[in-house]
Every structure is written in structure tokens, then in C-alpha cells.
Amino acid sequence: MVSELKNKSVLIELLVANPPTRKCREFIDFVMRNTKQYGDLVDIKIYRKGTKIPPGYSPSAGLLKAAKRSAIPAIIINSEVSFVGTIPKEEDFKKKIEDAMKREGLYGEYITR
């Protein structure tokens, strides 16, 4: 079972302007700073509006939804548009990540590190 978990992670996608605005850069810094503790249990992808998606990667339905609504900057966690326009409180952001970990069966691995 442990080997199965090694391939899983919570996907965090950020949709930012191109080029990123000051607010977008603050969103990126916030996410990077507040996900360090989760290590490889989170996978962070940053997308700039209007640029091509990297080859070999399929954007989540949540990212497509945010892009269609021009919701920038946005944080999408496991395909759910979670935060748009305003940087969330750290505890709200971490709760969303940890709830996603619980749904994916990763939370136990996180708390035992």
C-alpha cells in the first residue's frame, strides 16, 4: 500500500496573468511558502493565462473553469476552484489541502512524517 501512495499527490494549480501581476506573484509566493511542509504530497503547477499548456499534461476541469471565467489569480486544489482574487488565510488554505489529502488517502502519510 505504501508504494501506491508514493505516486499520489494533491494537485495544486495556480492560474495567473501573463505576465504575472504583483498580486499574482503574491499568490505564487503564498502557495510556495505554505506548501513546503507537505513535500512531495503536493504537486504544484503554475499556468499563465493565454499560454500553451505544457506537452504531456492535461489541465484539470477546475483550471479550465477558472480560465473560462477569467478568474485570476486563482488557486485550484484537486480540480476545485478554491480561492480567487484574494489570498486566503493560511489556515483556510492548509485545511483545503489537508481535506484533499484525506479524500486521497494521503493524510496519514503526512501526519506520520
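Bear in mind that the values here come from a model prediction, so they are computed numbers and not experimental data. (Residues numbered from 1 in each chain as written. Predicted model: local features only at pLDDT ≥ 70, side-chain atom pairs only at ≥ 80, totals over all residues. Heavy atoms only, no water.)

Trainee: How do you make sense of the overall build of the protein chain when you look at a structure like this?
Mentor: What the protein chain contains, in helices and strands, is 5 helices and 4 strands. Listed by position from the N terminus, the elements making up the protein chain come as α-β-α-β-α-β-β-α-α. Taken over the C-alpha trace, the protein chain has a radius of gyration of 14 Å; the compact-globule value for 113 residues is 13 Å, and the two agree within 12%. Across its three principal axes, the protein chain shows a C-alpha extent of roughly 40 × 30 × 20 Å. Contacts spanning at least 24 positions in sequence make up 64% of the contacts within the protein chain whose residues lie at least 6 apart. Accessible surface for the protein chain amounts to roughly 6,700 Å². Of this, 52% is attributable to carbon and sulfur atoms. Here the protein chain carries 21 positive and 14 negative side-chain charges, and the mean point of each set is 7 Å from the other. (Helix = DSSP H or I, 4+ residues; strand = E, 2+ residues; numbered from the N terminus. Rg over C-alpha atoms; globule rule 2.2 N^0.38 Å. Contact = heavy atoms within 4.5 Å. Areas by Shrake-Rupley, 256 points an atom, 1.4 Å probe, with all protein chains shown as cover. Lys, Arg positive; Asp, Glu negative; His and termini not counted. Charge placed at Lys NZ, Arg CZ, Asp CG, Glu CD.)

Trainee: How should I be thinking about the side chain of E13 in this particular structure?
Mentor: For E13, the location among the structural elements is in strand β1 (residues 10-16). The charged side chain of E13 is buried without a salt bridge, its nearest counter-charge being K45 at 8.3 Å. Within the structure, the side chain of E13 is placed 2.4 Å from the side chain of S60, a separation counted as a polar contact. Every residue in contact with E13, bar those within four places of it in the chain, is listed here: K45, Y47, Y57, P59, S60, L63, A74, I75 and I76. (Buried < 20%, exposed > 50% of the residue type's maximum accessible area, 1.4 Å probe, protein only. Salt bridge = Lys/Arg side-chain N within 4 Å of Asp/Glu carboxyl O. Polar contact = N/O pair within 3.5 Å; in protein donor to acceptor, adjacent residues only side chain to side chain.)

Trainee: Explain the packing of helix α2 (residues 22-35) against helix α4 (residues 90-104) here, please?
Mentor: When two helices pack together, their arrangement is captured by the angle between the axes and the distance separating the axes. Remark: α2 packs on α4, axes separated minimally by 11 Å, with the N-to-C direction vectors making an angle of 65°. The way α2 lies across α4 gives a crossing that is right-handed. Residues F30, V31, N34 and T35 of α2 pack against E90, F93, K94 and I97 of α4. In the contact of α2 with α4, the residues fall into 4 nonpolar, 2 polar and 2 charged. (Axes fitted to C-alpha atoms, helices over the stretch in contact; angles between N-to-C directions. Left-handed = near helix turned anticlockwise from the far one by under 90°. Nonpolar A, V, L, I, M, F, W, Y, C, P; charged D, E, K, R; others polar.)

Interpretation in functional terms is not warranted from these geometric data alone.
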